[in-house]
Amino acid sequence: MSRKAIIAGNWKMNNTIAQTKELVTALIPLVKDAECDVVICTPYTDLATAVELTRGTNIKVGAENVHWAEKGAFTGEISANMLVELGVEYVIIGHSERRQYFGETDQTVNMRAKAALAAGLKPIICVGETLEEREAGKVEEVLVRQTTAAFEGIEKEALDNIVIAYEPVWAIGTGRTATAEVANDTIKIIRDTMAKLYCPKCAENRVRIQYGGSMNAKNASELMAMEQIDGGLIGGASLKAEDFSKVVHF
Ligand code: PGA
């Protein structure tokens with residue numbers, strides 16, 4: 001298996017610039033020997049600080065969203081080229097909190113992903129079912145729909161620059177982690193979908209799929225030991241340098 005692990009922090013709406021300085025400064029020495037890719041996704045206002053502090057280190061910086069247009073009358077939005085100019089490398093797209101509270105749809109996820117790729121950003125595309133959907137036996141239907149829509153019109157060549165994050169909505173911020181088996185089996189559904197959309201080899205070798213949802217220092221090693229799980233998207237546990245570094249060293 002040639003997929004390199006990738007652990008990304010999703011700070012959500014946390015950390016001022018002062019707190020960013022403190023957290024990143026503490027994190028740099030703790031993760032400098034990491035064997036996986038290390039990313040921190042921060043609020044827009046912290047990006048410049050995070051990029052500056054991590055320059056020359058193994059920590060990459062990501063944003064938490066991006067608009068699909070290059071520029072224009074979209075009050076409150078940020079375009080991909082604005083992020084690239086800052087030195088940002090990754091961007092989270094379609095997080096369930098955006099789908100739930102801010103009207104994100106499968107179609108806007110796809111538009112944002114294409115704009116990110118066109119500008120040279122690496123999207124971390126989030127998919128995941130709600131508790132009702134899981135209880136109604138619709139996990140496969142939902143994930144196939146979300147994945148297929150997210151990758152509409154995206155060429156095979158782009159796969160090396162895309163990460164998928166499987167985040168069951170019922171596990172986010174709830175302390176209720178999916179068991180390693182459930183996470184693994186569900187990620188397999190996503191990988192099989194990618195095999196159908198692209199090719200089996202591409203899905204096997206080039207598509208990195210993270211698990212996200214209450215992943216932390218305690219459960220990271222068990223999750224990361226699973227065949228299908230290539231990394232983690234870490235919310236709560238990414239806000240303390242010590243905790244996040246333990247996940248990075250799963
Ligand atoms: P959590 O968040 O680790 O706090 O559950 C994960 C996420 O929403 O990306």
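About the criteria used
- Residues numbered from 1 in each chain as written.
- Predicted model: local features only at pLDDT ≥ 70, side-chain atom pairs only at ≥ 80, totals over all residues.
- Heavy atoms only, no water.
- Phe/Tyr/Trp six-rings, centres within 6.5 Å; stacked < 30°, edge-to-face > 60°.
- Helix = DSSP H or I, 4+ residues; strand = E, 2+ residues; numbered from the N terminus.
- Buried < 20%, exposed > 50% of the residue type's maximum accessible area, 1.4 Å probe, protein only.
- Near = heavy atom within 4 Å.
- Polar contact = N/O pair within 3.5 Å; in protein donor to acceptor, adjacent residues only side chain to side chain.
- Areas by Shrake-Rupley, 256 points an atom, 1.4 Å probe, with all protein chains shown as cover.
- 1 Å grid on protein atoms, 1.4 Å probe; cavity = no way out; pocket = protein on both sides within 12 Å on 5 of 7 lines; lining within 4 Å.
- Sits in = over half its atoms within 2 Å of the grid points.
- Nonpolar A, V, L, I, M, F, W, Y, C, P; charged D, E, K, R; others polar.
- Points joined across faces, edges and corners; volume = space filled by probe spheres on them.
- Salt bridge = Lys/Arg side-chain N within 4 Å of Asp/Glu carboxyl O.
- Pairing = 2+ DSSP bridges.

Before going further, it helps to spend a moment on the packing of aromatic side chains. Two numbers describe a pair of aromatic rings. These are the distance of the centres and the angle of the planes. Scanning the model with the defined rule gives three aromatic pairs in all. Summarising the aromatic geometry, the rings of Tyr-166 and Tyr-211 are spaced 6.4 Å apart at their centres and angled 55 degrees between planes, so their arrangement reads as tilted. Of the two residues, Tyr-166 is situated in strand S6 (residues 163-166) and Tyr-211 in strand S7 (residues 208-212); the sequence distance between them amounts to 45 residues. A residue is classified by how much of its surface remains accessible, and Tyr-166, at 0% relative accessible area, is buried.

This part covers the site of the ligand. Around the ligand, the structure places 13 residues, and the nearest of them are Lys-12, His-95, Glu-167, Gly-173 and Ser-214. Note that an oxygen atom of the ligand is positioned 2.9 Å from one of the backbone N or O atoms of Gly-235. Between Gly-236 and the ligand, the recorded distance is 2.8 Å, taken from a backbone N or O atom to an oxygen atom. Here the ligand has 290 Å² of accessible area as a free molecule, and 95% of this is covered by the chains. Taking a 2 Å distance to the grid points as the criterion, the majority of the atoms of the ligand fall inside the second largest pocket. Class assignment of the residues belonging to the shell around the ligand gives a composition of four nonpolar, seven polar and two charged.

Within the element layout of this structure, Gly-175 appears in the loop between S6 and helix H8 (180-197). With a relative accessible area of 60%, Gly-175 lands in the exposed category. Between the alpha carbons of Gly-175 and Gly-213 there is a distance of 7.8 Å; along the sequence they are 38 residues apart.

Now for empty space enclosed by the protein. The tally for this structure, following the rule as stated, stands at one cavity of 30 Å³ or more. Every residue along the wall of the largest cavity is listed here: Gly-94, His-95, Ser-96, Arg-99, Cys-126, Val-127, Gly-128, Gln-146 and Glu-167. Those elements giving two or more residues to the lining of the largest cavity turn out to be helix H4 (96-101) and strand S5 (122-127). Grouping the constituent residues of the lining of the largest cavity by class yields two nonpolar, five polar and two charged.

So, on to the pattern of salt bridges. Taken as a whole and judged by the stated rule, the model has 17 salt bridges. For Asp-230, the salt bridge goes to Arg-3, with nearest N and O atoms at 2.9 Å. With Asp-230 in the loop between helix H10 (220-224) and strand S8 (231-234) and Arg-3 in the segment before strand S1 (6-10), this pair connects stretches of sequence that are 227 residues apart. Here Asp-230 and Arg-3 have matching classes, each one buried.

Once that is clear, we can look at the pairing of strand S2 (residues 37-41). Burial runs high along S2: five of the five residues are buried. Looking at chain direction, S1 and S2 are connected through five bridges and run parallel. Paired with Asn-10 across the bridge in S2 is Cys-41.

In this structure, the largest pocket occupies an estimated 460 Å³ of space. Taken together, 16 residues form the lining of the largest pocket, with Lys-12, Met-13, Glu-64, Arg-98 and Phe-102 sitting closest to its centre. Here the element with the most residues in the lining of the largest pocket is H4; it accounts for three residues. Estimated volume of the second largest pocket: approximately 230 Å³. Gly-173, Ser-214, Gly-235, Gly-236 and Ala-237 are, among the 16 residues lining the second largest pocket, the residues nearest its centre. The class makeup of the residues in the lining of the second largest pocket is five nonpolar, nine polar and two charged.

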